[in-house]
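Structural description and commentary
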Amino acid sequence: MTTEPAVLVLEDGRRYEGRAYGARGRTLGEAVFATGMTGYQETLTDPSYAGQIVMQTAPHIGNTGVNDTDKESSKIWVAGYVVRDPSRVVSNFRAQRSLDDDLETDGVVGISGIDTRAVTRHLRSLGAMRAGIFSGAEYELSATEQLNAVRSGAGMAGQKLSTVVSTRERYQVPAVGERIGSVAVLDLGVKTSTLNYLAERGFDVEVLPESITADEVRALEPDSLFYSNGPGDPEASETHVELLQDLLRGGLPYFGICFGNQLLGRALGFGTYKLPFGHRGINQPVLDKVTGRVEITSQNHGFAVDAPREGVVDSPAGFGRVEVSHVSLNDDVVEGIRCLDLDAFSVQYHPEAAAGPHDSMYLFDRFRDMILAKKSTPALSEGDDQ
């Protein structure tokens, strides 16, 4: 295990000395913490973490190594990685490489050997903030130079990162088993598991770049629309909001997760805001207000929808009645939206649970049932009673 020095620097001047881990050099991003005890490979390859320096609150990371099966995208997306005790050996029969091998291959600068509990408490008190990791030659910079570099970095507010993580070309994942229809997936940072679960519900999955237009979506004649998870500030994605509004007015059924929940909220006319330190991990409790059931969910978001938690309200943008369907049991943040006059709903968490519990897998079935119900209901023709 390396003894090369490294340092984590926060924008408020706090410094944490440790050891170099992964690639050497400098990296800048927003410092956040993830509370999952397992699933570090799925976390690292989740495009929603683009632009963020991710710290694991679990102290021991890397013992199961990495493999090609559990990757949620083609690469590691985190801007930097912070762990307390990286495993010295890999001891899982599915492992193909060590975690630090992949960090070095993908050029991810990390740091180990610091008190991650202390950093977590600091971020919970003051909120997520800009940060930098410095190792190798960058470690030799003065503390002032390192801090100035951190403070010159971009914050997450105002960033449109879907242009970075989205697919460049349209592609398809064919339906598995009986085909029930097609779904147009706007890739804002989608995870592989999500696409597979949609295909397993009988959808031909058309994965589309974030730059797609409403006319191009309509030309595909999909049966439904899906907005994926993804990084960045929903206020910076007005083109995606306008696209969604256009397609909702045309009656296209919709399901969104994570970033897709925030964009549905904005399309309906509600605001969004930045959370102090966000929800990241695979143990976030959520209440389904319709059923009264509590779900333990996988989450990764730093922004949330600002909508009334209680009762049914009219959409400020004219899309009929809306209600908040799910709320966080930790801090009452909106975790789901349901439209009562449209075939549209969304949740703020990751029902594909990669990694995480499978409490929310039913949402893919709910989406499938919604599409089947719509396809079985004959459309009203002109002259029919309304």
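Residues numbered from 1 in each chain as written. Predicted model: local features only at pLDDT ≥ 70, side-chain atom pairs only at ≥ 80, totals over all residues. Heavy atoms only, no water.

Within an unreviewed UniProt entry, the label attached to the protein chain reads Carbamoyl phosphate synthase small chain, and the organism entered is Herbiconiux oxytropis. Per UniProt, the comment on the protein chain under Subunit (unreviewed entry) is "Composed of two chains; the small (or glutamine) chain promotes the hydrolysis of glutamine to ammonia, which is used by the large (or ammonia) chain to synthesize carbamoyl phosphate. Tetramer of heterodimers (alpha,beta)4." Listed in UniProt under the heading Sequence similarities (unreviewed entry), the comment for the protein chain reads: "Belongs to the CarA family." (UniProt positions renumbered as here; feature names shortened; annotations may be inferred.)

1. Let's talk about the UniProt feature "active site" (unreviewed entry) in the protein chain
This chain's UniProt record puts "active site" (unreviewed entry) on Cys 258, His 350 and Glu 352. Judged by maximum C-alpha separation, these annotated positions cover 95 residues in sequence but sit close together in space, the widest gap being only 11.2 Å. For Cys 258, a relative accessible area of 1% gives the class buried. Residues contacting Cys 258, with those up to four places away along its chain left out, are Asn 229, Asn 300, His 301, Val 347, Gln 348, Tyr 349 and His 350. Of the residues examined, Glu 352 reaches a relative accessible area of 0% and is grouped as buried. Glu 352 has contacts with Lys 191, Ser 193, Thr 194, Tyr 197, Ile 257, Met 361 and Phe 364, leaving out every residue within four places of it along the chain. A polar contact of 2.9 Å, which involves the side chain of Glu 352, links it to the side chain of Lys 191. (Buried < 20%, exposed > 50% of the residue type's maximum accessible area, 1.4 Å probe, protein only. Contact = heavy atoms within 4.5 Å. Polar contact = N/O pair within 3.5 Å; in protein donor to acceptor, adjacent residues only side chain to side chain.)

2. Examining helix 9 (residues 259-267)
Within helix 9, 9 of the 9 residues are buried, which leaves the element mostly enclosed by the surrounding structure. The complete set of buried residues in helix 9 reads Phe 259, Gly 260, Asn 261, Gln 262, Leu 263, Leu 264, Gly 265, Arg 266 and Ala 267. Just beyond helix 9, the residue with positive phi is Gly 269, at close to 105 degrees. (Helix = DSSP H or I, 4+ residues; strand = E, 2+ residues; numbered from the N terminus.)

3. A word on the packing of aromatic side chains
Here the structure, examined in full by the defined rule, presents 8 aromatic pairs. On the numbers, 5.2 Å between centres and 20 degrees between planes, the contact of Phe 203 with Phe 367 is stacked. Placement of the pair is Phe 203 in strand 12 (residues 203-208) and Phe 367 in helix 10 (residues 362-376), with a sequence separation of 164 residues. Each of the two residues, Phe 203 as well as Phe 367, counts as buried. Each member of the aromatic cluster is reached from another via a ring pair, and the members are Tyr 197, Phe 203, Phe 226, Phe 255, Phe 345, Phe 364 and Phe 367. A cation over a ring is seen here: Lys 274 above Phe 303, with NZ or CZ 5.8 Å from the ring centre. (Phe/Tyr/Trp six-rings, centres within 6.5 Å; stacked < 30°, edge-to-face > 60°. Lys NZ or Arg CZ within 6 Å of the ring centre and 35° of its normal.)

4. Remarks on the nonpolar core
Grouped burial of nonpolar side chains is what soluble globular proteins tend to show. With 32 residues, the main nonpolar core has Leu 225, Tyr 227, Leu 244, Tyr 254 and Leu 268 as its most contacted residues. Taken together, the elements giving at least two residues each to this core come down to strand 11 (181-186), helix 7 (214-220), strand 13 (224-227), helix 8 (238-249), helix 9, strand 18 (321-328) and strand 19 (334-339). Beyond its immediate chain neighbours, meaning those up to four positions away, Tyr 227 contacts Leu 186, Leu 188, His 240, Leu 243, Leu 244, Tyr 254, Phe 255, Gly 256, Ile 257, Gly 260 and Leu 263. If you look at the next biggest cluster of nonpolar residues, it comprises 25 residues, including Val 190, Phe 226, Ile 257 and Phe 367. (Core = buried A, V, L, I, M, F, W, Y, C linked by side-chain atoms within 4.5 Å.)

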